[in-house]
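# Descriptive structure summary
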Amino acid sequence: MTASSLAWGLLFTPTVVWAQKVKSAAFSYLPEQSDDRYNQRVARKTLPLAKGGFLILAHKSATEYAVERYDNDLKLQWTAPLPLTTEQAIDGFASSNSQAVVVIHQKNGASQTLTAQAIDLSNGQKAPLKKLIETGIRDRRPGVAFSPDGSKLVAWRYLTRDVQIRSISASIYDEKLTKVKDRAYDFSDQGAFFSTTIHVGNDGTQYVTLVSDEMKKLTVRRYLNTSNDIKVMSVAVGGVFGGKVVNVFDSRFLLQPDNTLYAAAICNERESGLYYSLKVVKFDFSAEGDMKFAPEFRFTPEYLAETNKASATSAKRLEDVYLTDLLVSEEKQLVVVAEKKYEEGGDDSPGHTRELHLFGYNEFQAPSWHSIIAKDQVAPATEGFSSIGYRAAVFGQDIQFVTWEKLKNKSDLYLRRVNAQTGVVSGPKGLGLNVAADQNPSYVKDFTGWLDTKTLVGVSRPSKKSAALMLNKIVVK
């Protein structure tokens, strides 16, 4: 029996409660209002801390956010208020060993800025605001990225000509928000159509990722703070195959703490839009540098049949499937996760997320399994995708997925486990929260996090009779 076949059987096993809700606390939350509610700038608002407890970025009111620290028993340790005006928005949230950092975007007359607010983890004391970067009000919105451990930060602004990016001007900061380096990334050698993202390592090294060559090539450029040398690795993932032009439809990059960078791309046929294949690349810049290109996974008619069987649908083609996660186990197995996400149509239409597509690769980048996890979630347009979809965490070989679903007429948070090595998927198990199912906010997945392999925290509303959300600690048996 294949892993994907085994997954189908397990998905329809009876759901049982296998967790105990240890404690709950009152929680104040105001839903986010954004011009683009389907692409959140800060999607994770709960950050577990290595020394115990966790941080929450709470939206208290229309004019105030707050960073709050809780211990493992949901006892509030401190609160650091963050008053915001209507011209401000939060663009980043991370923590290191000693402090949390909130990045605030602000429009001010003829300019827009990114400012960092550092908060001491021990007592919630706020440091003076630090301006990271400034650009014109008509320019593209500036960007920011944190290193995996939160100790480094890079902020950047785009320099354009006729709306096309020509270069990026960036500043790199250390844990104390002291500027380490100013750096320019030049794209004059690129064509008219490409996309780019910046990543920063725990040591401050920057990795600029590109989907270029008319969206056919994945490229990574490495920039050191100690040298002007630029190391480049590049691989073509699109091209002309069987007379059909194939290019990158969706891509995702993941920088690991050891500065290994993984990339995944869904490629489609340019003319028809049909999904063509999934391609995965590992960029390793240690020593002389090494790039491993995994064999492509083709989206064949047989794969569409597997998808329809797993989700009990009869789709004529694969569509609305987007890359959502790259998950790496302790043994360096990689699991690529894609999810079907779509809106019914129109600005005020409900959002839907359906099946998860999982693709497993061993430590040598060889495809080893794939599975399809069926689910069917819907949320009002006002919530975007903040209550539906999933949250995932990796512990050893075990990957845990949490979703809010209504299964067998029971609305709850459900947990599934996936073995990163074999692809075996457990059936959905209810966590026993009895989440309300109506048109009011019932679950906010931004606040779901793992304190350890058996302890989760999350925000939900327990019943239709209750108007208040609760912060919950759940221990899995």
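Here's what I pulled together on the structure shown here.

About the criteria used
- Residues numbered from 1 in each chain as written.
- Predicted model: local features only at pLDDT ≥ 70, side-chain atom pairs only at ≥ 80, totals over all residues.
- Heavy atoms only, no water.
- Phe/Tyr/Trp six-rings, centres within 6.5 Å; stacked < 30°, edge-to-face > 60°.
- Helix = DSSP H or I, 4+ residues; strand = E, 2+ residues; numbered from the N terminus.
- Buried < 20%, exposed > 50% of the residue type's maximum accessible area, 1.4 Å probe, protein only.
- Lys NZ or Arg CZ within 6 Å of the ring centre and 35° of its normal.
- Pairing = 2+ DSSP bridges.
- Axes fitted to C-alpha atoms, helices over the stretch in contact; angles between N-to-C directions.
- Core = buried A, V, L, I, M, F, W, Y, C linked by side-chain atoms within 4.5 Å.
- Contact = heavy atoms within 4.5 Å.
- Salt bridge = Lys/Arg side-chain N within 4 Å of Asp/Glu carboxyl O.

Taken as a whole and judged by the stated rule, the model has 18 aromatic pairs. Look at Phe 241 and Tyr 276: their rings are 5.7 Å apart centre to centre, the planes differ by 15 degrees, and that puts the pair in the stacked class. Note that Phe 241 is positioned in strand E18 (residues 239–241) and Tyr 276 in strand E21 (residues 275–284), a separation of 35 residues in sequence. Residue classification places Tyr 276 among the buried positions, given a relative accessible area of 10%. Plain terms: the ring middles of Trp 404 and Tyr 443 are 6.3 Å apart, the flat faces sit at 65 degrees to each other, and that makes the pair edge-to-face. Here Trp 404 is found in strand E30 (residues 398–407), whereas its partner Tyr 443 is found in the loop between strand E32 (429–430) and strand E33 (449–452), with 39 residues between them in sequence. Here the two residues Trp 404 and Tyr 443 agree in accessibility, since each one is buried. Clustering of aromatic rings is evident, with ring pairs tying together Phe 249, Tyr 275, Phe 297, Phe 299, Tyr 303, Tyr 322 and Phe 359. Arg 140 extends its terminal NZ or CZ atom over the ring of Tyr 158, reaching a point 5.8 Å from the ring centre. Just above the ring of Phe 385 sits the side chain of Lys 341; from NZ or CZ to the centre is 5.1 Å.

Across four bridges, the pairing between strand E10 (residues 143–146) and strand E11 (residues 153–161) is antiparallel. Bridge pairing links Ala 145 to Val 154 in E11. The antiparallel hairpin formed by E10 and E11 contains six residues in its connecting segment, where Gly 150 sits at a positive phi of about 75 degrees. As defined by bridge partners, E11 adjoins strand E12 (residues 164–173) across nine bridges and the pair is classed as antiparallel. Bridging across to E12, Trp 156 finds its partner in Ala 170.

A sheet is described by the order of its strands in space; here four strands give the open sequence E14-E15-E16-E17, paired in antiparallel fashion. Each end of this open sheet is capped by a strand with a single partner; those strands are strand E14 (195–200) and strand E17 (230–236). Direction aside, neighbouring strands of the sheet carry axes that sit 15 degrees apart on average. Pairing between strand E16 (residues 217–223) and E17: seven bridges, direction antiparallel. Residue pairing across strands places Thr 219 opposite Ser 234, the latter belonging to E17.

On to helix H2 (residues 301–311). Taken residue by residue, H2 has Tyr 303, Leu 304, Glu 306, Thr 307, Asn 308, Ala 310 and Ser 311 as its buried positions. Ala 312 lies just past H2 and shows a positive phi near 55 degrees.

Here we come to unusual backbone geometry. Even without glycine at this site, Asn 409 takes up a positive phi of about 70 degrees. In this structure, Asn 434 takes a positive phi of about 50 degrees despite not being glycine. The topology assignment puts Asn 434 in the loop between E32 and E33.

Here E16 lies mainly inside the structure; six of its seven residues are buried. Two successive antiparallel strands, strand E15 (residues 206–212) and E16, enclose a turn made up of four residues, where Asp 213 displays a positive phi of approximately 55 degrees. Counted along the chain from E16 to the antiparallel partner E17, the turn is six residues long.

Attention now goes to the nonpolar core. In this structure, Leu 278, Val 280, Phe 299, Leu 334, Val 336, Phe 359 and Tyr 361 are the most contacted members of the largest nonpolar core, which totals 22 residues. Taken together, the elements giving at least two residues each to this core come down to strand E20 (260–269), E21, H2, strand E24 (321–328), strand E25 (334–343) and strand E26 (351–361). Aside from chain neighbours lying at most four places away, what touches Phe 299 is Ile 266, Tyr 275, Tyr 276, Ser 277, Leu 278, Leu 318 and Phe 359. With 20 residues, the next largest nonpolar core counts Tyr 207, Leu 218, Val 246 and Phe 253 among its residues.

This part covers the pattern of salt bridges. In this structure the tally under the stated criterion is 17 salt bridges. For Asp 73, the salt bridge goes to Lys 473, with nearest N and O atoms at 3.4 Å. With Asp 73 in the loop between strand E4 (64–70) and strand E5 (76–83) and Lys 473 in strand E35 (residues 469–476), this pair connects stretches of sequence that are 400 residues apart. Owing to a relative accessible area of 44%, Asp 73 belongs among the partly exposed residues under this scheme. With a relative accessible area of 10%, Lys 473 lands in the buried category.

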